[in-house]
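A look at the structure
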Amino acid sequence: MSTPTDITGTVKDFILREFLPGEDASQLEVSTPMMTTGILDSIATLKLVSFLEDTFKITIEAHEADREHLNTLADIEQLVKSKQK
Amino acid sequence: MDRLVRTQAFSFAVTLAQFALVYWLMERYNLEREPFRNVVALCVAGFAVNFWLPLRFRMWWFLALCLIGLVLVFGMDKGAWSADQALRRCGWLVGIVGGIIGLCALPIAFWWRTGLVALVCGLLAVLRAGKAEWLPAFVPTWAVAVPPEIWPILGSMLMFRLIVYLYDLRFSGRPGLAASGGYLLMLPNVCFPLFPVVDFKTFVKSQQAGATFSSYQVGLGWIVRGVFQLLIYRLAYYEFYLDPARVADGADVAQFLFATYFLYLRVSGSFHVIIGLLRMLGFALPETHHRYYLATSFTDYWRRINIYWKDFIMKLVYYPIMFRLKRAPQTTAMVTATLVAFFATWALHSYQQFWLLGKFPIETRDIVFWGVLALFVTVNSVWEARRGRKRTLGNKKPTVREVVIRGLQAAGTFGLICFLWSIWNSRGMDDWLAVMANADLTTAAYVALALLVIFIFAIIPAPSWLSAMDTGADRNSVTATPRTLRFGVFATVLPAVILIALSTGKAERLLGPQVAGLVRLVKAEEKPSEGDIEVLERGYYEELMDVGLVNSPLSEVFMKRPADWKRLEQTPALRLSGDYRFRELNPSTETVVNGILYRINEHGMRDGPVPIEKPAGTVRVACLGASFTMGWGVAAEDTFVERVERALATPGAPRVEMLNFAVNGYSPVCQTVILEKSVARFKPDVVLYASHESDQRWAVNRMARALREGAEMPSPDLDRIAAECDVSRSTSLAAAERRLGKRGADLVALGYRRIVELARAMGATPVWVYVPGLEEGPIAIQRSQQLRALAADAGMLVLDLSGAYGSAKPESLELAPWDRHPNAEGHRLLADRLHRAMLENETIRAALRPSAPPSGSDR
């Protein structure tokens with residue numbers, strides 16, 4: 001099972017690589033909102049969901065693709081952890 | 001007092017003072033209507049209590065405010081508050097919503113609960129459609145007595161939020177009563193039939209997070225921004241918006257294109273105000289619109305405009321489809337989900353119109369608008385998925401090239417959206433094409449200028465306080481900090497103080513008459529425009545769903561119309577005439593329409609039995625006219641024609657018969673047909689034509705319709721005008737109206753001259769009577785003066801009833817808010833004025849004596 005730090009780091013790397021190439025990594029903090037600021041639009045959200053499912057071997061439902069679960073790195077970590085239990 | 005309490009007290013005092021300032025701003029500009037301003041006052045008081053309440057009591061407090069808001073607004077009846085009305089309307093509304101919440105809370109499986117809710121909603125839909133007779137026998141009779149005036153608000157509260165509520169109920173468990181009631185009865189929905197689709201989960205979570213000083217500051221900033229947008233909307237609507245029927249040249253086309261798009265400011269302005277108020281009551285909800293005029297692509301536009309709607313569709317339609325097609329190729333899944341999402345958006349807009357207006361429209365313009373938008377967004381999405389979209393954390397300065405490209409993209413998107421929006425706002429594709437046929441180089445110049453303005457706005461970086469307002473300022477600031485206070489000054493205090501200062505008499509004097517005029521215009525309480533009044537007056541005649549978007553004051557008027565309200569054309573009282581008039585009253589019929597009896601005699605007149613042979617010693621006045629004269633909406637004995645006949649029947653005076661030949665929608669030329677076909681044999685002594693300010697519009701509309709129907713023209717002059725305007729049977733109605741519109745005065749003059757010829761040929765005195773509409777505004781006065789001049793030129797004796805209604809409020813004389821024809825009291829005032837005018841005129845007095853010689857004009 002991945003540790004919390006692993007989850008955040010892995011997801012952060014993916015987001016920086018896929019959606020924010022060339023951006024300063026230190027600006028993407030665990031509490032940086034991503035869904036409400038347009039970083040994670042619908043297409044990016046679906047790519048992220050596929051990545052999370054493949055990487056952490058979990059299943060994410062359609063109703064979980066929202067601000068509550070995916071807005072920040074902290075939210076994503078919490079979602080992944082809850083799925084891994 | 002410890003430091004925390006002192007800091008909180010300071011934050012509270014600052015916010016309350018700002019909120020009071022914002023309330024004052026709304027008062028100064030008469031924002032929305034009085035009931036809404038009462039609700040804002042309630043929100044100010046609600047904030048003052050909510051601020052100090054422990055979190056566990058806040059949802060209950062919000063529910064209490066929602067109920068008080070309902071009582072405040074639903075108690076209003078004809079300008080006064082009535083406890084009976086409040087109790088009746090709120091009882092029904094809260095009972096229905098409470099019943100649905102109860103069904104959702106039943107201890108049975110989710111799908112059973114959903115089925116029961118669907119059944120109740122189905123029964124409500126039957127009632128909303130005015131088809132109570134379709135209800136199954138098990139529904140008790142008292143249940144059909146839902147007051148019609150609550151439908152738009154009840155529909156607005158349930159039509160989308162109930163779907164979200166059920167969806168979240170399925171996945172997130174059972175919510176409490178306070179959250180459920182507060183969500184479905186959400187303040188200030190009672191004042192806004194068009195309301196943002198707030199997400200249930202977001203609603204609950206946003207309150208649980210607790211209100212912060214910065215959240216309140218953002219709320220106040222959004223309210224002021226909303227007020228500003230609503231004021232711009234008023235300017236666009238009353239000053240710049242051009243009805244498609246009035247577009248005559250290239251400059252008009254440009255004006256139509258841009259002003260139409262700016263009408264959306266009413267939606268975005270009111271949504272800003274609504275969410276701002278909810279923030280003041282402790283819900284840290286996200287923004288509803290994000291600088292959509294500067295969108296740089298169609299997908300960007302879809303993300304920025306009505307964000308709550310986008311989120312609703314994503315949650316209920318897009319993501320469920322995408323997740324189902326997870327294993328399909330990405331492009332296939334994306335195209336399918338996007339197209340279905342837009343189809344749902346189109347269908348749900350019609351569904352929304354059903355709950356708000358009682359009709360489910362399926363219109364070409366909607367299909368074109370949503371179809372084209374779906375196509376553009378789909379192509380754009382696939383392109384972005386393949387090529388990637390530039391996203392940023394906001395810490396990098398864009399290059400000059402990037403800025404210029406952004407400006408060009410924004411200008412291009414704005415231009416295309418304006419075109420699409422104009423289609424959606426027109427009364428059909430024919431109408432839109434006819435408008436666009438007037439486009440020329442002037443249109444191109446104006447369009448280029450507008451796009452340049454958008455380009456400039458798009459390349460200028462937004463000031464930091466504006467960005468802070470969008471994103472939520474300093475999110476961690478629970479109490480006042482220098483940063484949030486500075487933000488509050490820029491976003492709320494400064495603009496509010498400037499706007500309030502502008503509204504004072506002194507500022508009006510300082511800034512000159514032109515600015516003063518604009519300020520007066522935006523200060524005026526919202527009411528239907530001149531164009532809307534035309535629609536209201538012809539309300540009985542044409543299908544009123546042509547009001548287009550449900551975001552105008554006009555559409556709100558129609559929301560109150562009972563679903564079973566009928567037009568005369570929908571009843572046997574009218575039949576096809578087979579000639580230029582298109583329709584005529586159906587002889588020897590009795591029909592009850594909207595509770596009024598229309599008894600048509602054997603000669604096709606709304607009158608009692610009349611022998612063709614004129615009795616000896618009797619004077620006959622043949623009354624011609626349209627709906628006002630026929631007496632649409634009032635009993636036959638209450639029409640001004642009948643009242644004048646009774647008033648003239650004084651002892652010793654000769655018997656005067658006022659024969660009512662008027663038919664709704666008849667133009668001056670139609671009157672010439674009825675004069676020849678019906679009136680002549682009754683040998684009238686006076687032919688009294690009751691004119692209305694809409695004479696010219698009807699003259700154009702009737703002729704366009706007659707040409708379209710292939711009817712024979714009653715005069716070769718009309719054939720000539722049709723040929724000169726290049727209008728034939730194959731010309732669309734919209735194009736024919738637009739082309740003939742330029743000759744409207746000629747058509748009226750032709751009709752008037754022919755009335756005079758025919759009247760004199762039958763030995764009668766031709767009299768023109770101007771019957772004013774209930775709202776005698778400057779445009780109506782100008783039109784009446786033009787008509788008066790034409791009547792005098794034609795040789796008619798002129799009587800003008802302007803001012804007949806005295807100081808009575810138009811609302812007290814109208815048939816209904818959605819029908820501006822005079823009621824019985826309005827007819828009484830018209831009759832008094834006409835009776836007096838007839839007796840004061842020597843020529844008419846002479847004509848009313850038996851066997852009086854026909855007279856010429858008495859100008």
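None of these values were measured; they are calculated from a predicted model.

As a further point, take the overall build of chain B. Along chain B, the regular secondary structure elements total 35 helices and 13 strands. For chain B, the C-alpha radius of gyration of 30 Å lies close to 29 Å, the compact-globule estimate for 859 residues. Along the first, second and third principal axes, the C-alpha set of chain B runs to 100 × 65 × 60 Å. When the 859 residues of chain B are sorted by exposure, 44% land in the buried category. In chain B, of all internal contacts separated by at least 6 residues, the share reaching a separation of at least 24 is 75%.

The next thing to look at is the interface of chain A and chain B. With 19 residues of chain A at the contact, the number on the chain B side is 21 residues. For the side of chain A that touches chain B, the secondary-structure elements that each account for two or more residues are α2 (42-56) and α3 (67-70) of chain A. Element by element, the count of residues in the side of chain A that touches chain B is highest for α2 of chain A, at three residues. A breakdown of the residues in the side of chain A that touches chain B according to their chemical character gives eight nonpolar, five polar and six charged.

In this section: the domain arrangement of chain B. Taken domain by domain, chain B comprises domain 1 (52-210), domain 2 (298-461) and domain 3 (618-847). Put simply, the middle of domain 1 of chain B and the middle of domain 3 of chain B, counted by C-alpha atoms, are 48 Å apart.

A word on the pairing of strand β9 (residues 686-691) of chain B. Residues and elements named next belong to chain B. Of all six residues making up β9, six are buried, and the element is well covered by its neighbours. Alignment of strand β7 (residues 618-624) against β9, held across four bridges, turns out to be parallel. Directly across from Val-621, in β9, lies its bridge partner Val-686. Where β9 and strand β10 (residues 765-770) come together, six bridges link them in parallel fashion. Across the sheet, the residue bridging to Val-687 is Pro-766, located in β10.

Residues and elements named next belong to chain B. Ranked by internal contacts, the top residues of the largest apolar core, which has 236 residues, are Cys-623, Leu-688, Val-767 and Val-769. For this core, the element with the highest residue contribution is helix α10 (residues 213-240), accounting for 12 residues. Ignoring sequence-local partners within four residues, the contact set of Leu-688 consists of Val-621, Ala-622, Cys-623, Leu-624, Val-767 and Val-769.

Moving on to the packing of helix α1 (residues 3-28) of chain B against helix α21 (residues 482-502) of chain B. Residues and elements named next belong to chain B. Where α1 meets α21, the axes come as close as 10 Å, and the angle between the chain directions of the two elements is 35°. In this structure, the crossing between α1 and α21 has a hand that is left-handed. Facing α1, whose interface residues are Gln-18, Leu-21, Val-22, Trp-24, Leu-25 and Arg-28, α21 presents Gly-488, Thr-492, Val-493, Ala-496, Leu-499 and Ile-500. Taken together, the residues of the contact of α1 with α21 break down into eight nonpolar, three polar and one charged.

Another point: the environment of Val-634 of chain B. Residues and elements named next belong to chain B. Tracing the sequence through the fold places Val-634 in the loop between α25 (627-630) and α26 (640-648). Between the alpha carbons of Val-634 and Asn-601 there is a distance of 17 Å; along the sequence they are 33 residues apart. Not counting residues within four places of it along the chain, the set of residues in contact with Val-634 comprises Ile-596, Thr-639, Asn-823, Ala-824 and His-827.

Let us look at the pairing of strand β5 (residues 589-593) of chain B. All names here are of chain B. Relative to strand β6 (residues 596-600), β5 runs antiparallel, the two being bridged by five bridges. Within β6, the position partnered with Val-592 by the bridge is Leu-597. Between β5 and the antiparallel strand that follows it, β6, lie two residues; Asn-594 among them carries a positive phi value of about 50°.

Attention now goes to the sheet that holds β7 of chain B. Residues and elements named next belong to chain B. Spatial ordering of the open sheet is given by β8-β7-β9-β10-β11, a layout of five strands whose pairing is parallel. Every other strand in the sheet has two partners, leaving β8 (655-660) and β11 (797-800) as the edge strands with one partner each. The average angle at which neighbouring strand axes cross in this sheet is 25°, direction not considered. Sitting on the sheet, α26 is in contact with β7 and β8, with an inclination near 175° to β8.

The next subject is the environment of Ile-39 of chain A. Note on placement: Ile-39 of chain A falls in the loop between α1 (4-18) and α2. With 25 residues separating them along the chain, Ile-39 of chain A and Phe-14 of chain A place their C-alpha atoms 13 Å apart. In this structure, Ile-39 of chain A is in contact with Phe-19, Leu-20, Met-34 and Ala-44 of chain A together with Arg-391 of chain B, ignoring residues within four places of it in sequence.

All names here are of chain B. Along the chain, the position of Ser-422 falls in helix α17 (residues 400-425). C-alpha separation for the pair Ser-422 and Trp-432, spaced 10 residues apart in sequence, amounts to 7.5 Å. Contact partners of Ser-422, with chain neighbours within four places excluded, come to Phe-256, Leu-257, Thr-260 and Trp-432.

Residues and elements named next belong to chain B. Following Leu-187, the chain continues to Pro-188 via a peptide bond in cis, the omega torsion being 0°. Along the chain, Pro-188 turns up in the loop between α8 (177-184) and α9 (200-208). Backbone geometry places Ser-588, a non-glycine residue, at a positive phi of 55°. Relative to the assigned elements, Ser-588 resides in the loop between β4 (583-585) and β5. Taking the C-beta count within 10 Å as the criterion, Ser-588 has 10 such neighbours and is therefore assigned exposed. Located in the positive-phi region is Asp-726, a residue other than glycine, with phi close to 60°. Here Asp-726 is to be found in the loop between α29 (716-724) and α30 (733-741). When the 10 C-beta atoms within 10 Å are taken as the criterion, Asp-726 is described as exposed.

Glancing now at helix α16 (residues 364-387) of chain B. Its 24 residues give α16 of chain B an end-to-end C-alpha distance of 34 Å, which sits within 8% of 34 Å, the value for a rise of 1.5 Å per residue. Here the buried face of α16 of chain B lies against α2 of chain A together with α13 (298-304), α15 (330-357), α17 and α18 (429-436) of chain B. Remark: Gly-388 of chain B follows α16 of chain B within two positions and exhibits a positive phi of approximately 85°.

Criteria and cut-off values
Within each chain, residue numbers correspond to sequence positions counted from 1 in written order. Here every chain gets a letter starting at A, and every ligand a number starting at 1, in the order they are written. For this predicted model, a pLDDT threshold of at least 70 governs which residues receive local features, and a threshold of 80 or more governs which side-chain atom pairs are given and counted, while totals over whole chains, interfaces and linings are taken from all residues. Secondary structure elements follow DSSP: runs of H or I no shorter than four residues count as helices, runs of E no shorter than two count as strands, and numbering proceeds from the N terminus. Computation of the radius of gyration draws on C-alpha atoms, with the globule rule given as 2.2 Å multiplied by the number of residues to the power 0.38. Residue burial here comes from a neighbour count, namely the number of other C-beta atoms, placed from the backbone, that lie within 10 Å of the residue's own C-beta, with 20 or more meaning buried, 12 or fewer meaning exposed, and in between meaning partly exposed. Contact criterion: two residues are in contact if their C-beta atoms, reconstructed from the backbone, are within 7 Å. Only Asp, Glu, Lys and Arg are considered charged, only Ala, Val, Leu, Ile, Met, Phe, Trp, Tyr, Cys and Pro nonpolar, and every remaining residue, Gly among them, polar. Source of the domain bounds: an automatic or database domain assignment. Pairing between strands is defined by DSSP: at least two bridges between them are needed. When buried Ala, Val, Leu, Ile, Met, Phe, Trp, Tyr and Cys residues are joined through C-beta atoms within 7 Å, the set is termed a nonpolar core. As a rule, the C-alpha atoms of each element are fitted with a line to give its axis, helices using only the stretch in contact, and angles between N-to-C directions run from 0 to 180 degrees. Put simply, a crossing is left-handed when the front helix is turned counterclockwise from the back one by less than a right angle, and right-handed when it is turned clockwise. To estimate the expected span of a helix, subtract one from its residue number and multiply by 1.5 Å.

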